[in-house]
Amino acid sequence: MRVGRIAKEHLAGIAALEKLSFAAPWSEDALSFLLREEAVGFACLDDAGIPVAYAGMLTVLDEGQITNVATNPAYRRQGLADAVLTALLTEARLRGLATVSLEVRESNLAAISLYEKHGFSVVGKRNHFYKNPREHALVMLCSL
Ligand SMILES: CC(C)(COP(=O)(O)OP(=O)(O)OC[C@H]1O[C@@H](n2cnc3c(N)ncnc32)[C@H](O)[C@@H]1OP(=O)(O)O)[C@@H](O)C(=O)NCCC(=O)NCCS
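A brief report on the enclosed structure follows. (Residues numbered from 1 in each chain as written. Predicted model: local features only at pLDDT ≥ 70, side-chain atom pairs only at ≥ 80, totals over all residues. Heavy atoms only, no water.)

Attention now goes to the overall build of the chain. Broken down by element type, the chain carries 3 helices and 7 strands. For the chain, the sequential pattern of α-helices and β-strands runs β-α-β-β-β-α-β-α-β-β. For 144 residues, the compact-globule formula gives about 15 Å, and the C-alpha radius of gyration of the chain, at 14 Å, lands near that figure. Referenced to the eigenvectors of the C-alpha coordinate spread, the extents of the chain come out at roughly 40 × 35 × 30 Å. Looking at the chain residue by residue over its 144 residues, the buried ones come to 45%. (Helix = DSSP H or I, 4+ residues; strand = E, 2+ residues; numbered from the N terminus. Rg over C-alpha atoms; globule rule 2.2 N^0.38 Å. Buried < 20%, exposed > 50% of the residue type's maximum accessible area, 1.4 Å probe, protein only.)

Here it is, written out as structure tokens:
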């Protein structure tokens, strides 16, 4: 297993990961934003080069916005989300970002715990932000 920056050849595998993890998964096409200069993503790749976990981020000026983090269900609780999020926050610091924020379903205790472990705290709430099922989002922020 190794952590690498997301490139074009990983997008199909990441779209497959999205399908395994979310009710409204991003398509391979939609994920191509990760290749833009003002975005970055890291994936854990298995020995065949298939992504089994990933984290993506968009940047605007000195602010980062994490778009998604997901681990293949067969590989959860093995530290892979920790690894991709660490890589993403290291890159955020290298890019001179001041803050990184994200939204998370308020019932998603696993993700909230992951983000708290990496220095994020809850700074707000967006009512009925999610559909399917309808749920509020917590806004979390990490100051770098
Ligand atoms: C949330 C998610 C990305 C965690 O991935 P993972 O690779 O299993 O996480 P890790 O093994 O790296 O765990 C890192 C930390 O996350 C938290 N965590 C992960 N799974 C957890 C669980 N089931 N319950 C509680 N905390 C959990 C813990 O803080 C953990 O640290 P610890 O091992 O020191 O306790 C994964 O469960 C997932 O893909 N969920 C579906 C997609 C999703 O909800 N993404 C977040 C969108 S905002």
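This paragraph deals with the packing of aromatic side chains. Tallying each qualifying case throughout the model produces 3 aromatic pairs. Aromatic side chains W26 and F33 sit 5.2 Å apart centroid to centroid with 50 degrees between the ring planes, which places their arrangement in the tilted category. Given the relative accessible area of 32%, W26 is considered partly exposed. (Phe/Tyr/Trp six-rings, centres within 6.5 Å; stacked < 30°, edge-to-face > 60°.)

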